[in-house]
Amino acid sequence: MRAPLILLVIAVTVASAAAEVAVVNPDVAEKALSAERLRDILLGRVSTWTDGKPIVLVLSDDPQSDGAVRAASGRDDVRHLLRGWKRLVYSGAGAMPTVVDSVAAALERVRRTPGSLALVAEPPQAEGVRVIAPTR
Amino acid sequence: MRSILLLLALTASSTAADAAVAEERREPFDDLRLEVHGFVSFGYLQSWENDWLDETTDGSADFHEAALNLISRPFDRIRLGAQLFERDLGVYDNGRVDLDWAYAAWQVGDELELAAGRLRTPLGLYNDVRDVDAARAPVFLPRSVYALRFRDLYVSIDGAAAKGLIDLAGDMDLEYALYGGDKRIADDTGTTTYLGAAGYGEGVTVDVDWTIGGMAHLTTSVPGLGFRISVLRVDALRIAGDPTPGIELASDLDYWLFIGSVEYDLRAVTLAAEYSRLRGRGSRGIAALGVSESTQDDGEGMYVSATWRQKRWLEWYLAGEAEFDDATDRDRSHAWRLIAATAVRPMAHWSLKLEAHYADETLETIQVENPDGAEHHWWGVALKTTVDF
């Protein structure tokens, strides 16, 4: 009985370790981000950092990002998430995220853009950005 | 109309062509953080047994929409925006261009955003996005709750609004919106066209004293499950027209509209159900004849729907809805409808949709469109393709 339990604990631990992370521009003041707040940012329900600066969301329209989007936002994939943003943009309730075509391009955009945030499946090996693992 | 479509097409192609280059260079208006977005769609309507929106038993291609908006964030916490919108829906609107929304918004914090201008009204789950094809799989929103011919009446107000997101205990949160202002409806809109056909005759005018409303959306601790209530009060909705030359028919009613909604988003499947109840009280009469009588409006509508995202590019939709002209006497004019639809999205910015409906009873048909009387069982199909940017 104990062996399956230990395996289950290990599996859950590994799954947690491999969970998605937020990558932000170094000028972002936030040092921590809850999973709920990250979800609200991805869904466009929150549009400013706590210091009042606008959040510049960078999304990678790449099937490889679908898993991270699914886990962090509850939306089915990046395209589904983007359709939610179009609801905001065409109804006058928000501005569109920056959309790029790869994770590498997203990281580069975050490095260059103050206030920006991108979601990636695992911590990147990239300079000029800061990684925040959402707290649950 | 053609110039707007051409402008949209040019802007779309220009945006696509510039995308790669924009990665590497600074855009001209970066400090204003300007964005331009829009969409253009074309469709086709066909019905059997009854005409609906047009002479659709012969098929109608008088079905297109276009929008072009400009959004700017010139300062932190400040957002400005405006959108032009045009629609041709059978005999309604006929391509007239309208200022759809235009606002200045100040983001005080997550809990409060203040906005003023022409603002979309958050009624039910989807009223504020009723023209946004990307937001749904079917061609039309459920007509029992989102009246197709009254778009102009419900879609926006000229006034101010406060909205925000409040964190609650246990992973729950509450989105809210409060708004109030004036409502202006031009004399050549789809709403006035419909009211003219429904008995008010020529030269229909619509005016209100003021309107206020509110929306509260509770996101529960069950992932994807949310409940929403929406209330709208319209004070002194005055409609006047000449059914006979020189004889004016006028009505003046105060309205309450209530919509209760539930949405359960299970990632690949979204379930939704809404109930809408209209309550209008006032008078109607012909002043020239000294005739005036009290009148009331007790419309009611409801639906349940399911959307299945089978693949990244493919969605299926099924809904059943009911609509009653008088909630206190449901045997009067009413309709039951079954709707099935599919949306194919070959690219992120391009959709193709096919929707079919079967209707039992005739509430949605009008005599002008069916002068020999409407059939009680009838079918309709809508095709639509949309490109956005």
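Residues numbered from 1 in each chain as written. Chains lettered and ligands numbered in written order. Predicted model: local features only at pLDDT ≥ 70, side-chain atom pairs only at ≥ 80, totals over all residues.

### Here we look at the overall build of chain B
Regarding its fold elements, chain B presents three helices and 19 strands. Here the C-alpha coordinates of chain B stretch approximately 70 × 45 × 45 Å along the principal axes. By the burial criterion, 40% of the 389 residues in chain B qualify as buried. Across chain B, the fraction of contacts at a sequence separation of at least 24, relative to all contacts at a separation of at least 6, is 59%. (Helix = DSSP H or I, 4+ residues; strand = E, 2+ residues; numbered from the N terminus. Buried ≥ 20, exposed ≤ 12 C-beta atoms within 10 Å, placed from the backbone. Contact = placed C-beta atoms within 7 Å.)

### Notes on the sheet that holds strand S1 (residues 21-24) of chain A
Residues and elements named next belong to chain A. The sheet built from five strands is open, its strands ordered S3-S2-S4-S1-S5 with mixed pairing. A single partner strand is all that each edge strand has here, and the edge strands are strand S3 (98-100) and strand S5 (130-132). On average, adjacent strands in this sheet sit at an angle of 30° to one another, irrespective of strand direction. Packed on one face of the sheet, helix H5 (residues 103-112) meets S1, strand S2 (56-60), S3 and strand S4 (116-120) and runs near 155° to S4. (Pairing = 2+ DSSP bridges. Axes fitted to C-alpha atoms, helices over the stretch in contact; angles between N-to-C directions.)

### Let's talk about the interface of chain A and chain B
The interface is formed by 28 residues belonging to chain A together with 36 residues belonging to chain B. Counting residues per element, the side of chain A that touches chain B draws most heavily on helix H4 (residues 78-90) of chain A, at eight residues. Residue composition of the side of chain A that touches chain B, by class: nine nonpolar, seven polar and 12 charged. (Nonpolar A, V, L, I, M, F, W, Y, C, P; charged D, E, K, R; others polar.)

### Some details on the environment of Tyr-103 of chain B
Residue placement: Tyr-103 of chain B occurs in strand S4 (residues 92-109). Residues Tyr-103 of chain B and Glu-274 of chain B, spaced 171 residues apart in sequence, show a C-alpha to C-alpha distance of 29 Å. When residues no more than four places from it in sequence are discounted, the contact partners of Tyr-103 of chain B are Gly-92 of chain A together with Gly-81, Ala-115, Ala-116, Gly-117, Arg-118 and Leu-119 of chain B.

### Some remarks on the nonpolar core
Counting residues in hydrophobic clusters, the biggest one holds 87 residues, and the most contacted among them are Val-23, Val-58, Val-110, Leu-117, Ala-118 and Leu-119 of chain A. Among the elements that make up this core, the one with the highest residue count is H4 of chain A (seven residues). With residues near it in sequence (within four places) discarded, Ala-118 of chain A still touches Val-23, Val-58, Ser-60, Ala-106, Leu-107 and Val-110 of chain A. In terms of nonpolar packing, the next biggest core, distinct from the first, is built from 10 residues, Trp-101, Ala-105, Ile-157 and Met-215 of chain B among them. (Core = buried A, V, L, I, M, F, W, Y, C linked by C-beta atoms within 7 Å.)

### Some thoughts on the confidence of the model for chain A
Low pLDDT marks stretches whose predicted atomic positions should not be read closely. Within chain A, residue pLDDT values average 85, and 87% of them lie at 70 or more. S4 of chain A holds the highest mean pLDDT among the elements of chain A, 95, whereas helix H1 (residues 2-17) of chain A holds the lowest, 44. (pLDDT = per-residue confidence, 0-100.)

### A word on H4 of chain A
All names here are of chain A. The first and last C-alpha atoms of H4 sit 18 Å apart over 13 residues, in line with the 18 Å expected at 1.5 Å per residue. Counting buried positions along H4 yields 11 of 13 residues, so the element is predominantly enclosed. Within H4 the residues assigned to the buried category are Val-78, Arg-79, His-80, Leu-81, Leu-82, Arg-83, Trp-85, Lys-86, Leu-88, Val-89 and Tyr-90. Immediately downstream of H4, the backbone of Gly-92 shows phi near 75°, a positive value. (Expected span 1.5 Å × (residues − 1).)

### Details of the pairing of strand S17 (residues 334-347) of chain B
Residue and element names in this part refer to chain B. As defined by bridge partners, strand S16 (residues 314-324) adjoins S17 across 11 bridges and the pair is classed as antiparallel. Among the inter-strand pairings, Tyr-317 is bridged to a residue of S17, identified as Ala-341. As paired elements, S17 and strand S18 (residues 350-360) share 10 bridges and run antiparallel to each other. In the strand pairing of S18, Val-344 is matched with Leu-352. The hairpin turn running from S17 into S18, its antiparallel successor, is two residues long.

### Quick word on unusual backbone geometry
Residue and element names in this part refer to chain B. Positive phi, close to 75°, is recorded for Arg-77, a residue that is not glycine. Its identity is not glycine, yet Asp-93 carries a phi of approximately 70°, on the positive side. Mapped onto the elements of the fold, Asp-93 is located in strand S4.

### Digging into H5 of chain A
Residue and element names in this part refer to chain A. When we look at burial in H5, the residues that qualify are Val-103, Ala-106, Leu-107, Arg-109 and Val-110. Relative to the axis of H5, the buried residues are bounded by an arc of 160° and lie together on one face. Against the buried residues of H5 lie S1, S2, S3 and S4. (Arc of directions from axis to C-beta.)

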